[in-house]
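# Notes for the structure review
Residues per chain, in single letters:
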Amino acid sequence: MQLTVWTYEGPPHVGAMRVATSMRDVHYVLHAPQGDTYADLLFTMIERRDHRPPVTYTTFQARDLGSDTATLFKNAAKDAYERFRPKAMLVGASCTAELIQDDPGGLAEALALPIPTVPLELPSYQKKENWGAGETFYQIVRHLADVDPPPDPEAGSRRPRCNLLGPTALGFRNRDDVVEVTQLLARLGVDVHVTAPLGAGPEDIARLGEADFNVVLYPETARSAAGWLKRRFGQPAVETVPIGIGATRDFVREVAELAGVDPAPVLDDPRSRMPWYSKSVDSTYLTGKRVFVFGDGSHALAAARIAQREMGFEVVGLGTYTRELAREVRAAAADYGVEPLITDDYLEVERAIEAAQPELVLGTQMERHIAKRFGIGCAVISAPVHVQDFPARYSPQMGFEGANVIFDSWVHPLTMGLEEHLLGMFRDDFEFADDAAPSHLGSHGGGATRRSEPSLAVVAATGEAPTEAAAAPVATAPAEVADAAGSRWEEEAERELKKIPFFVRGKARRNTEAFARERGVARITVETLYDAKAHFGR
Amino acid sequence: MSRPAEALECGADERLILRERGQREVFCGLTGIVWLHRKMQDAFFLVVGSRTCAHLIQSAAGVMIFAEPRFGTAIIDERDLAGLADANEELDRVVEQLLARRPDIRMLFLVGSCPSEVIKLDLSRAAQRLSQRWLPDVRVLNYSGSGIETTFTEGEDACLAALVPELPRPQTEAPRLLVVGSLADVVEDQFRRLFAELGVGPVDFLPARNVAGLPPVGPGTRYLLAQPFLAETARLLEGRGARRLPAPFPLGAEGTTAWLKAAADDFGVDAAHFDAVTAPGRRRAETAVARYRDTLAGRRLFFFPDSQLEVPLARMLLRELDVQLVEVGTPYLHKHLMAPELALLPKEVTLSEGQHVENQLDRCHAAHPDLVVCGLGLANPLEARGMSTKWSIELVFTPIQGYEQAGDLAELFARPLLRRERIRDLESCN
């Protein structure tokens, strides 16, 4: 058993629902008790979908357990077929139905429906949502795409074409990423043959084998399907996720290579503003900002690369809840010289952030709340999604426009350059109290409320969710007067410490105390503080 | 699912009730934790279940409560199922870990789930064992919020029922009043003041805001249900000698008056004094409700089943706001608890119990009502088909009981219609 307060991922059948809901003419019959229908509202509320997910729940109750839950399943599947007339059906069990072992796959087969039926075995007590999505997509592809492509009379003369694999319902910015990448490919002279699962029908899955190669947009969902397509049709796959300028350019080169086209005209896009914005002098203040990165595997990897190599930040923490991509994240963490954090324990992430003392957190909605509690700015880079992650405006993460979007949304929570200097120089100005927020974050009446935690934030999904993209700075309360080894802070030194920006103050305190301890200094003076500063650097 | 809907006679009341069986678009009883953990300030709710349970509570109603929550899930994993780990030892370890983190907790509920029920994990024995380990600091109780046994608000019923054996005996058998069912603190305070003015008392509330305040119960206790979904709690209270004061529920001016009157009469409050005390509140409630009558009168309403509050709400909307009721769906209809409500609801009103969501949606689309009261899974799809909807869960998360909230309650139903009117320029857009 594992004690869980918040969870990054739902159970694997929710991943299957994301795939089913992405597609046309597919219906998912889920053997499940009452209550599992909660998952519908993820789609109708968080993503504001205007249709119910195409899912039928058998809704068995305690009194059915002794009798015939298998018949309940068969009737549900038969009724769902008659009512919705899907072109393919997925069948499976949620966590409770898995325990009663009714074998939905076998029961559905016995019904001999005139459509393909894809049985899903999703072990709820081992695996989680993203794995479930990946496995479901893989099973759909295996069952529906296993057809030889018809002869291609235009082979050699037509434009090269590829499939876009992996986008799903409830995916972080997937809707806009698909548009952005499709346009990018078009500029390269490459056609998108099928995008799946988002927007695809069973007949589109059957055409996957006709493409020249595959683009794996989201490895969490599409990697195993792409592996099968490679084995079955010999289709190579582009696995670079085009998030960030560097990754987008790598992606363009890889696609160009596979498609046999010239990447040059696409490598520099006139609408790509991010590189100049980052190079321009006003961005100097971004240099070396300490960022903590946590998210799903592919987004965390992409964010770390952008942070370190395109924004000029310092990555002080990197982690993921995607165990399937742990290897890649470990390798990247080694590159940045940080300890990788592979966990789905929210409390562990909270401890790691507290210890790393970052100036900016790039995380999920969970880290947004951790950051808020610590008074650190935060930008959201990854699922699990929130209603705010489905903005009305076009807002991709991928491609050149995605890089523009990322630049804006990461810079916004930070105090702007000149303002930061003024705050630093005139810290004693009564209006620059530690509680004063940067002006662009709207400081009216903030001081009093910011310190208080949201005691009961029962916030409906579409209601007044907390809107701060970032939390304003909050002073960390002065800690004990003497540290563990007994060095005492002189009052004047303590006052001087308060002039240091809040987000590095804790670190400055610890460094100074460590410095004092090492040298056997009993009383920490202003001198000690600056000696330590010189010793440790910034 | 293919079981047909049946229409059945409903006993002496001779009211036709549509009983249905099929897919239910409702929450399970675990969802009650979302409000119970806030109501009981020194209690912690530990669900023993699966990742689905954890995900449900986190997503229920689209809420993310990121203050340190007083709930969590002990997620059963394959080691527990394969017998590689002793589930009871694992549970003890998790509780140890939890209580070390939250030394302020005085009461711990082990909450059963579908998986824990199916694998027959005996949480009542676990609660006894853990109580021995942790008393006097922490009392450990258990109840089931599983979907195979409880629907949404029945989780609160199960939780309060688990508290009943813990309630102390009063020192005397003198009459005292117990108000049963979670109410917003502000509503509780209003009722406390009203009962004091009426001279009804002493008055206790269940659940109490903390463990030390657990109300006594005994043969002198009369109780008023503040919520309609507490059948099991009521049964156990009667077992402790308490006597129920039958009344409509305190929704709207009429319901609140009748509810207060049931207590006043039992405590021998004279009619003139009752009228004098309740008149100002009643007048304010009537004025506040009247403001929305133009918007709601004559509008056709359709209730999907959700919290069991549907029948009292329908009564209030019909009698105080002149709405027309197309169908009033409720997950369960406890006839004896609901008798005072049914007496106020004309027999022609179509009631349905249980759910076959596809059939019910067919009926709803055919009727094309002016306002549909439904869960979050159905609301946007119905809006997309041109219907106005009111999310039913808001009726559980909002203070709606009593005189001072009657206007707020009416406004909740009027708002979707008023909103549609305000943004009519968008009507022709997709």
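Before reading on, note that the structure itself is shown above.
Structure report, in brief. Small disclaimer: the values here were computed from a predicted structure and weren't measured.

### Side note on the overall build of chain A
- Counting secondary structure elements, chain A contains 23 helices and 16 strands.
- Expressed as a percentage of the 538 residues in chain A, the buried residues total 50%.
- Sequence separation of at least 24 residues holds for 70% of the intrachain contacts in chain A that already meet a minimum separation of 6.

### Observations regarding the overall build of chain B
- Looking only at helices and strands, one finds 18 helices and 15 strands in chain B.
- Radius of gyration (C-alpha) of chain B: 22 Å, near the 22 Å computed for a compact globule of 430 residues.
- Taken over the C-alpha atoms alone, chain B extends approximately 60 × 55 × 45 Å along its principal axes.
- Burial status across chain B gives 54% buried among its 430 residues.
- Relative to all contacts within chain B whose residues are 6 or more apart in sequence, the contacts with residues 24 or more apart total 74%.

### Observations concerning the environment of P136 of chain B
- Topologically, P136 of chain B is positioned in the loop between helix 6 (123-134) and strand 6 (139-144).
- Sequence separation between P136 of chain B and E411 of chain B is 275 residues, and the spatial gap between their C-alpha atoms is 46 Å.

### Quick word on the interface of chain A and chain B
- Each partner contributes to the interface: chain A provides 58 residues, whereas chain B provides 58 residues.
- Of all the secondary structure elements, the ones that give two or more residues to the side of chain A that touches chain B are strand 1 (2-4), helix 2 (39-46), strand 3 (55-57), helix 3 (62-65), helix 4 (69-84), helix 5 (95-100) and helix 17 (365-374) of chain A.
- At 6 residues, helix 2 of chain A tops the list of elements feeding residues into the side of chain A that touches chain B.
- Broken down by class, the residue content of the side of chain A that touches chain B amounts to 28 nonpolar, 20 polar and 10 charged.
- Inspection of the sheet shows strand 1 of chain A paired to strand 4 (residues 71-75) of chain B by 3 bridges, in the antiparallel sense. Looking at strand 4 of chain B, one finds that L3 of chain A is bridged to A74 of chain B.

### Observations regarding the sheet that holds strand 2 (residues 26-31) of chain A
All names here are of chain A.
- Ordered by their spatial adjacency, 4 strands build an open sheet running 3-2-4-5, and the pairing between neighbours is parallel. Every other strand in the sheet has two partners, leaving strand 3 and strand 5 (117-119) as the edge strands with one partner each. Taking the axes of each pair of neighbouring strands and ignoring which way they run, one obtains an average angle of 20° across the sheet.
- Those strands touched by helix 4 are strand 2, strand 3 and strand 4 (88-93), and its axis lies near 160° from that of strand 2.
- Across the face of the sheet, helix 6 (residues 104-111) comes into contact with strand 2, strand 4 and strand 5 while running at roughly 145° to strand 4.

### A closer look at the sheet that holds strand 10 (residues 243-244) of chain B
Residues and elements named next belong to chain B.
- Strand order across the open sheet formed by 4 strands is 8-7-9-10, with parallel pairing between neighbours. Each end of this open sheet is capped by a strand with a single partner; those strands are strand 8 (203-206) and strand 10.
- As paired elements, strand 7 (residues 176-180) and strand 9 (residues 221-225) share 5 bridges and run parallel to each other. Across the sheet, the residue bridging to V179 is L224, located in strand 9.

### What about the nonpolar core?
- V293 of chain A together with L46 and L224 of chain B are the most contacted members of the largest nonpolar core, which has 267 residues in total.
- Setting aside chain neighbours within four positions, we find V293 of chain A in contact with A300, A303, A304, A307, V315, G317, L318 and L362 of chain A.

### Re the pairing of strand 14 (residues 377-380) of chain A
Residue and element names in this part refer to chain A.
- Going residue by residue along strand 14, you find G377 and A379 tucked away on one face and C378 and V380 tucked away on the opposite face as well.
- The sheet contact formed by strand 13 (residues 360-363) and strand 14 spans 4 bridges and is parallel. Note on strand 14: the bridge partner recorded for L360 is G377.
- As for the winding sense of the linkage, the β-α-β connection from strand 13 through helix 17 to strand 14 is right-handed.

### A short note on the packing of helix 4 (residues 87-101) of chain B against helix 6 of chain B
Residues and elements named next belong to chain B.
- For the pair helix 4 and helix 6, the least separation of the axes is 11 Å and the interaxial angle reads 45°. Taken together, the axes of helix 4 and helix 6 are oblique relative to one another. Relative to helix 6, helix 4 is oriented so that their crossing is right-handed. Here N88, L91, D92, V95 and L99 of helix 4 come into contact with helix 6, specifically with A126, L130 and W134.
- Residue classes in the contact of helix 4 with helix 6 are distributed as 6 nonpolar, 1 polar and 1 charged.

### Topic: unusual backbone geometry
- Residues A196 of chain A and P197 of chain A are joined by a peptide bond in cis, for which omega reads 0°.
- Tracing the sequence through the fold places P197 of chain A in the loop between strand 7 (191-196) and helix 9 (202-205).
- Following L206 of chain B, the chain continues into P207 of chain B via a peptide bond in cis, with omega recorded as 0°.
- Tracing the backbone shows P207 of chain B in the loop between strand 8 and strand 9.
- With phi around 55°, R48 of chain A is a residue other than glycine that occupies positive phi space.
- Look at R48 of chain A and you get partly exposed, because 15 C-beta atoms sit within 10 Å.
- Positive phi outside glycine occurs at R173 of chain A, with the angle close to 60°.
- Along the polypeptide, R173 of chain A turns up in the loop between strand 6 (161-165) and helix 8 (174-188).

### A word on helix 8 of chain A
All names here are of chain A.
- Here helix 8 is 15 residues long and its end C-alpha atoms lie 21 Å apart, about the 21 Å a rise of 1.5 Å per residue gives.
- Of all the residues in helix 8, the buried ones are N174, D176, D177, V178, E180, V181, L184 and L185.
- Looking at the buried side of helix 8, the elements it contacts are strand 6, strand 7, helix 11 (245-259), helix 12 (264-267) and helix 18 (399-411).
- Looking one or two places after helix 8, you find G189, whose phi comes out positive at around 90°.

### Describing the packing of helix 7 (residues 154-163) of chain B against helix 9 (residues 231-239) of chain B
Residue and element names in this part refer to chain B.
- Relative orientation of the contacting elements helix 7 and helix 9 amounts to 20°, with a least axis distance of 7 Å. By the angle between their directions, the pair helix 7 and helix 9 is classed as roughly parallel. Considering the relative orientation of helix 7 and helix 9, their crossing is left-handed. Mapping the contact onto sequence places D157, A158, L160 and A161 in helix 7 and A231, E232, T233 and L236 in helix 9.
- Of the residues in the contact of helix 7 with helix 9, the class split is 5 nonpolar, 1 polar and 2 charged.

### A short note on helix 2 of chain A
- Where burial is concerned, most of helix 2 of chain A is hidden: 8 out of the 8 residues are buried.
- Every buried residue belonging to helix 2 of chain A is among A39, D40, L41, L42, F43, T44, M45 and I46 of chain A, and all of these are buried.
- In this structure, the buried residues of helix 2 of chain A make contact with helix 1 (12-22) of chain A together with helix 2 (51-59) and helix 16 (376-384) of chain B.
- In the segment just after helix 2 of chain A, R48 of chain A is the residue with positive phi, at about 55°.

### Topic: the environment of L120 of chain A
Residue and element names in this part refer to chain A.
- The topology assignment puts L120 in the loop between strand 5 and helix 7 (129-144).
- Separated by 294 residues in sequence, L120 and L414 have C-alpha atoms that sit 45 Å apart.
- Filtering out sequence-adjacent residues up to four positions away, L120 remains in contact with A16, L90, V91, G92, T136 and Q139.

What counts and how
Residues numbered from 1 in each chain as written. Chains lettered and ligands numbered in written order. Predicted model: local features only at pLDDT ≥ 70, side-chain atom pairs only at ≥ 80, totals over all residues. Helix = DSSP H or I, 4+ residues; strand = E, 2+ residues; numbered from the N terminus. Buried ≥ 20, exposed ≤ 12 C-beta atoms within 10 Å, placed from the backbone. Contact = placed C-beta atoms within 7 Å. Rg over C-alpha atoms; globule rule 2.2 N^0.38 Å. Nonpolar A, V, L, I, M, F, W, Y, C, P; charged D, E, K, R; others polar. Pairing = 2+ DSSP bridges. Axes fitted to C-alpha atoms, helices over the stretch in contact; angles between N-to-C directions. Core = buried A, V, L, I, M, F, W, Y, C linked by C-beta atoms within 7 Å. Right-handed = clockwise from strand over helix to strand, strands pointing away. Parallel < 35°, antiparallel > 145°, perpendicular 65-115°, else oblique. Left-handed = near helix turned anticlockwise from the far one by under 90°. Expected span 1.5 Å × (residues − 1).

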